[in-house]
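# Reading the structure
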Amino acid sequence: MQETKTTVRASTLSNGRSLAAYHEDFDRKWASAWGRTLTYAQMHANRVVQSARIVLSHPDIWGKVASGFVNAARGRKRLLRSLEIAVTYRCNARCEQCSCRRDHDPVREKTELLTLPELQRVIDEAVDMGAFQFCINGGEPMLEEEKVFALLDYIKTRHKGYVHLCTNGTLLDDDKVARLAEHHLDSVEMGFDSAFEDVHDANRVRGGYRKVFHNIEAFRKRGVGVVLNTILTNQKVRSDDMLFTMDLAKKHGCMLQVTPCCLTGALRGRMDMMLTEKARFYFYWFLAQSTNNRSDLYSSLTRIKCPAGREKLGLQPYGDVVSCPLIQIRYGNVREKGLAAIQQDILADPYYGLDGSHGCLPAMSETFIRERLSGDR
């Protein structure tokens, strides 16, 4: 992704702490084994506090969360937690880091999109496997607006699940936000590439930056949780963009999800963009700065690790199942095989073993990237 423009910015964040103080804290902890240990401990503490807040505010999922915790404590196989459903791979933006660009197929979009009854059947299977969280994404899901609302209704009324919508936000307006809230959407996630308006819009859609903040206020006014998702790159470690983004998220009452740069989709083969050891530590250090910052690696009940294949599955618009939307390895199609059977095929790969990963596979495991993501499957 392009470098952040050099722009004059305040030297102090809204919490009163200077940028220099953050820099000094990072440098000190990076240079010390004890400092790294403290960072990891604080990150884990933040994860526990944040997860507790989310779970306690949604009583409908308490039973399934408790079941997963008991199984984990007993050393049993974990239940599926989340199914991510891509309703289309069409999109009105062209982000440099797009994870699904290579999988978008105009012909399959016209002839092979999963129908609503097919999607409902897969959701039922996922629930039987333990899933309680469903993420509707794309592409840009609001290009299939009516399907989004139909899935939202089905999950909430039939299964009382937690529903999260991932969107770039540009196709939303106040009426659509109100309708999503009326249909009991739990949370929305909008991509946020930079605290700098020109950088964000150059990578997405002109006017997208301001639209994000308009949508934030509209959703929060209606009680829908808001998450901003930003990508951590080596370039961002060398700038203050991440700290400014953290500040903006907190000021606007949003959670900030940090995704390490994944070498998949449009970035497949870009080994030059793989996070350095220092950037990986920055990722953990950044998560330790606030209970408002989170990562999908927070999924595990016992430690921070990649949930792909074990706790999370991705469903592509044409029925293909992947271990994670950021890992485009197709393990089967739900028109040909049940979801549980496909998951067993995924778990046969040792990379998805319960003790096999301590970080995001498509971002932090060079061997996985070279052995599994170097070509199409």
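Residues numbered from 1 in each chain as written. Predicted model: local features only at pLDDT ≥ 70, side-chain atom pairs only at ≥ 80, totals over all residues. Heavy atoms only, no water.

The name given to the protein chain in an unreviewed UniProt entry is Radical SAM domain protein, with Nitratidesulfovibrio vulgaris as the source organism.

### Re the overall build of the protein chain
For clarity, the threshold we go by: Runs of E in the DSSP output that reach at least two residues are strands. Runs of H or I that reach at least four are helices, and both are numbered from the N terminus. Using C-alpha atoms as the atom set, the radius of gyration is obtained and then compared with a globule rule of 2.2 Å times the number of residues to the power 0.38. Only protein chains enter the accessibility calculation, which uses a 1.4 Å probe; a residue is then buried when its area is under 20% of its type maximum, exposed when over 50%, and partly exposed in between. The Shrake-Rupley method, run with a 1.4 Å probe sphere, supplies the accessible areas, and residue values consider only the shown protein chains as cover. Neither His nor the chain termini are counted; the positive set is Lys and Arg, and the negative set is Asp and Glu. The atom standing in for a charge is NZ when the residue is Lys, CZ when it is Arg, CG when it is Asp and CD when it is Glu.
A tally of regular secondary structure across the protein chain gives 15 helices and 10 strands. Taken over C-alpha atoms, the radius of gyration comes to 20 Å for the protein chain, in line with the 21 Å a tight globule of 377 residues would show. Overall size of the protein chain, expressed as C-alpha extent along the three principal axes, is 55 × 45 × 40 Å. Counting only residues that meet the buried cut, the protein chain has 56% of its 377 residues in that class. Approximately 16,000 Å² of the protein chain is accessible, and the part contributed by carbon and sulfur atoms is 52%. Within the protein chain, the 46 negative side-chain charges are centred at a point lying 4 Å from the centre of the 53 positive side-chain charges.

### Digging into the packing of aromatic side chains
Formally: Planes of paired rings set the category: under 30 degrees apart is stacked, over 60 is edge-to-face and the rest tilted, where pairs are Phe, Tyr or Trp rings (Trp by its six-membered ring) whose centres lie within 6.5 Å. Ring-over charges, as used throughout, are those where CZ of Arg or NZ of Lys falls within 6 Å of the ring centre and within 35 degrees of the ring normal.
Going through the model one piece at a time under the given rule, you end up with 18 aromatic pairs. Within the aromatic cluster, the residues linked to one another by ring pairs are Tyr 22, Phe 26, Trp 30, Tyr 40, Phe 281, Tyr 282, Phe 283, Tyr 284, Trp 285 and Phe 286. In this arrangement the basic side chain of Arg 17 is found over the ring face of Tyr 22, its NZ or CZ atom lying 4.2 Å from the centre. When the ring centre of Phe 281 is taken as origin, the NZ or CZ atom of Arg 36, which lies over that ring, is 5.6 Å away.

### Re the state of the cysteines
The condition is simple: Here, two cysteine sulfur atoms that lie within 2.5 Å of each other are counted as a disulfide.
Enumeration according to the criterion identifies zero disulfides in this entry. Distance from the sulfur of Cys 254, which forms no disulfide, to the nearest cysteine sulfur (Cys 166) is 14 Å. Left unpaired, Cys 306 is separated from the closest cysteine sulfur, that of Cys 360, by 5.4 Å.

### Things to note about helix 5 (residues 116-128)
Note the cut-off: A helix is expected to span 1.5 Å multiplied by its residue count minus one.
In a regular helix each residue adds 1.5 Å, so 13 residues correspond to 18 Å; helix 5 covers 19 Å between its end C-alpha atoms and thus fits that length. After helix 5 finishes, the residue Gly 130 shows a positive phi value of roughly 115°.

### Quick word on helix 7 (residues 174-182)
Formally: Contacts: residue pairs with any heavy atoms within 4.5 Å of one another. The definition of a polar contact used here is a pair of N or O atoms within 3.5 Å, where within protein one atom must be able to donate a hydrogen and the other to accept one, and adjacent residues in sequence count solely through side-chain atom pairs.
Of all the residues in helix 7, the buried ones are Lys 176, Val 177, Ala 178, Leu 180 and Ala 181. On its buried face, helix 7 sits against helix 6 (145-159), strand 3 (162-167) and helix 9 (208-221). Capping the start of helix 7 is the job of one residue whose side-chain oxygen sits 3.1 Å from the backbone nitrogen of Asp 175: Asp 173.

### Notes on the confidence of the model for the protein chain
Spelled out, the test is: Every residue carries a pLDDT, the predictor's confidence in it, which falls somewhere between 0 and 100.
Per-residue confidence for the protein chain gives a mean pLDDT of 90, with 91% of residues at or over 70. The model gives residues 2-8 a pLDDT under 50, and that stretch makes 16 contacts with residues more than four places away or in other chains.

### So, the pattern of salt bridges
Note the following rule: Salt bridge, as applied in this entry: a Lys or Arg side-chain nitrogen positioned within 4 Å of an Asp or Glu carboxyl oxygen.
Applying the stated criterion across every chain yields a total of 27 salt bridges. With its nearest N and O atoms 3.1 Å apart, the salt bridge here joins Glu 146 to Arg 179. Taken together, the residues Glu 146 in helix 6 and Arg 179 in helix 7 connect sequence positions 33 residues apart. Among the charged side chains, a network of salt bridges with common partners joins Arg 81, Glu 84, Asp 296, Arg 310, Glu 311 and Lys 312.

### What about the side chain of Thr 39?
Along the chain, Thr 39 turns up in helix 2 (residues 33-56). On the basis of relative accessible area, Thr 39 is assigned to the buried category, the value being 1%. Within the structure, the side chain of Thr 39 is placed 2.9 Å from the backbone oxygen of Gly 35, a separation counted as a polar contact.

### Remarks on the sheet that holds strand 4 (residues 187-191)
Inclusion rule: Any two strands with at least two DSSP bridges between them are considered paired. In this description, a line fitted to the C-alpha atoms serves as the axis of each element, helices being fitted only across the stretch in contact, and the angle between N-to-C directions of two axes falls anywhere from 0 to 180 degrees.
Read across the sheet, 10 strands follow the order 7-6-5-4-3-2-1-8-9-10 without closing on themselves; strand pairing throughout is mixed. With one partner strand each, in any of the chains shown, strand 7 (293-294) and strand 10 (332-333) form the two edges of the open sheet. Inspection of the sheet shows strand 2 (residues 133-137) paired to strand 3 by four bridges, in the parallel sense. The residue bridging Ile 136 from the neighbouring strand is Leu 165, located in strand 3. Here helix 12 (residues 277-287) sits on the sheet and contacts strand 5 (225-232), strand 6 (255-260) and strand 7; the angle it forms with strand 6, its principal contact strand, is near 165°.

### A few points about unusual backbone geometry
Going from Gly 138 to Gly 139, the amide bond is cis rather than trans, its omega being 15°. With respect to the helices, strands and loops of the structure, Gly 139 is situated in the loop between strand 2 and helix 6. For Lys 160, which is not glycine, the phi dihedral falls at a positive 55°. Mapped onto the elements of the fold, Lys 160 is located in the loop between helix 6 and strand 3. Positive phi outside glycine occurs at His 184, with the angle close to 70°. Note that His 184 resides in the loop between helix 7 and strand 4.

### Description of the packing of helix 1 (residues 19-30) against helix 12
Spelled out, the test is: In these notes the angle categories are as follows: under 35 degrees is roughly parallel, over 145 is roughly antiparallel, 65 to 115 is roughly perpendicular, and the rest is oblique. By convention the crossing between two helices is left-handed if the near helix lies anticlockwise of the far one by an angle smaller than a right angle, and right-handed if it lies clockwise.
Contact geometry of helix 1 with helix 12 gives a least axis separation of 11 Å together with a crossing angle of 120°. Relative to helix 12, helix 1 is oriented oblique. Judged by the sense of rotation from one axis to the other, the crossing of helix 1 with helix 12 is right-handed. For the pair helix 1 and helix 12, contact is made by Tyr 22, Asp 25, Phe 26, Lys 29 and Trp 30 and by Glu 277, Lys 278, Phe 281, Tyr 282 and Trp 285, respectively.

### A closer look at the pairing of strand 5
Counting buried positions along strand 5 gives seven out of eight residues, so the element sits mostly inside the fold. Note: strand 4 against strand 5, five bridges, orientation parallel. Paired with Val 188 across the strands is Val 226, a residue of strand 5. Pairing of strand 5 with strand 6 involves six bridges; the strand directions are parallel. Residue pairing in the sheet places Leu 228 in a bridge with Leu 256 of strand 6.

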